[in-house]
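# Examining the three-dimensional arrangement
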Amino acid sequence: MGLDVRIGTATDLDDLVRFLLMAGEGLFEFLFDDAYPGLTARDALALGVGDAESPYHFENAYLVESGDRVVGCLVAFPAEQVGLPELAYSVLARDRLDPVRPLFEEHVPGSLYINTLAVDESMRGQGVGGLLLDFAAELARGAGCGSMTLHAWGDNETALSLYKARGFECVDKVELPRTAQLRHDAPMLLLQCPVA
């Protein structure tokens, strides 16, 4: 069965939130779950996906379909747009935001930032991640970006293997606290790959 890449639409909200949560591996739950009475990470991300001013807006998302199923997701935008929606900064307490703030503020100017690259577990190892990276490289070239950047957990060997094979190198590390939601012992790595 073939794989097709298409731009996200408003009707993709559930799939986009699912992939954002998958790629975040607890980050969004750490930030948003009960940050405000009744708020969940799912709710907060849904707001961001629907907000045209947010870098998480569905028009920055590209979905891979296999048949009638969405099996992969790329959310990418110019690195100068890295950040959380403005509302998040006013809602989140400093004890939640400050430990992870560098992830939403540090970037490599002139790069295309890959905020999310996630593949459905049933499709891993079948070229979906590579297809999305190739697509991101085309987006970067089209936008006049000299490189692509992304964050990856330093202990996510599967992802790091793919990124290294595609020419990404570590340019910075962000130490994050270990919490019930953030279960990684390794730092978050900022990776960069030149785009020819």
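For clarity, every value in this text was computed on a predicted model and none was experimentally measured.

## Here's the deal with the environment of F58
Here F58 shows up in the loop between helix 3 (41-50) and strand 2 (61-66). Taking the C-alpha atoms as reference points, F58 and G48, 10 residues apart in sequence, are found 8.7 Å from one another. Here F58 is in contact with G8, T9, A10, L16 and V49, once residues within four sequence places are set aside.

## Brief notes about helix 8 (residues 157-165)
Of the residues making up helix 8, those classed as buried are A159, L160 and Y163. Projected onto a plane normal to the axis of helix 8, the buried residues spread over an arc of 95 degrees and lie on a single side. Turned more than 90 degrees from where helix 8 packs its buried face, E157, T158 and A165 sit exposed. The elements touched by buried residues of helix 8 are strand 4 (111-119), helix 7 (128-142), strand 5 (147-153) and strand 7 (188-194). Downstream of helix 8 by one or two residues, G167 has phi in the positive range, about 95 degrees.

## Here we look at the pairing of strand 3 (residues 69-78)
Counting buried positions along strand 3 yields eight of 10 residues, so the element is predominantly enclosed. By the bridge criterion, six bridges tie strand 2 to strand 3 in an arrangement that is antiparallel. Paired with A61 across the strands is V75, a residue of strand 3. Where strand 2 folds back onto strand 3 in an antiparallel hairpin, the turn is made up of two residues, including G67, whose phi is positive at roughly 65 degrees. As paired strands, strand 3 and strand 4 are joined by seven bridges and run antiparallel to one another. Each bridged residue has a counterpart across the sheet, and for F77 the counterpart in strand 4 is Y113.

## Side note on the pattern of salt bridges
For the structure shown, the criterion picks out 11 salt bridges. Here E65 ties to R6 by a salt bridge, and the two come within 3.0 Å at their closest N and O atoms. A residue pair is termed long-range when its members are at least 10 positions apart, and E65 in strand 2 and R6 in strand 1 (residues 3-7) qualify at 59 residues. Of the residues examined, R6 reaches a relative accessible area of 25% and is grouped as partly exposed.

## Quick look at the sheet that holds strand 6 (residues 169-174)
Taken together, seven strands build an open sheet; the order of strands is 1-2-3-4-5-7-6 and the sheet is mixed. In this open sheet, the two strands that pair with only one neighbour each are strand 1 and strand 6. Here the strands of the sheet are splayed against their neighbours by 25 degrees on average, with no regard to which way each runs. Across four bridges, the pairing between strand 4 and strand 5 is parallel. Within strand 5, the position partnered with S111 by the bridge is S147. With respect to the sheet, helix 1 (residues 13-24) is in contact with strand 2, strand 3, strand 4 and strand 5, its orientation differing from that of strand 4 by roughly 100 degrees. Relative to strand 4, helix 7 is tilted by about 160 degrees, and along the sheet it contacts strand 1, strand 2, strand 3, strand 4 and strand 5.

Thresholds applied
Residues numbered from 1 in each chain as written. Predicted model: local features only at pLDDT ≥ 70, side-chain atom pairs only at ≥ 80, totals over all residues. Heavy atoms only, no water. Helix = DSSP H or I, 4+ residues; strand = E, 2+ residues; numbered from the N terminus. Contact = heavy atoms within 4.5 Å. Buried < 20%, exposed > 50% of the residue type's maximum accessible area, 1.4 Å probe, protein only. Arc of directions from axis to C-beta. Pairing = 2+ DSSP bridges. Salt bridge = Lys/Arg side-chain N within 4 Å of Asp/Glu carboxyl O. Axes fitted to C-alpha atoms, helices over the stretch in contact; angles between N-to-C directions.

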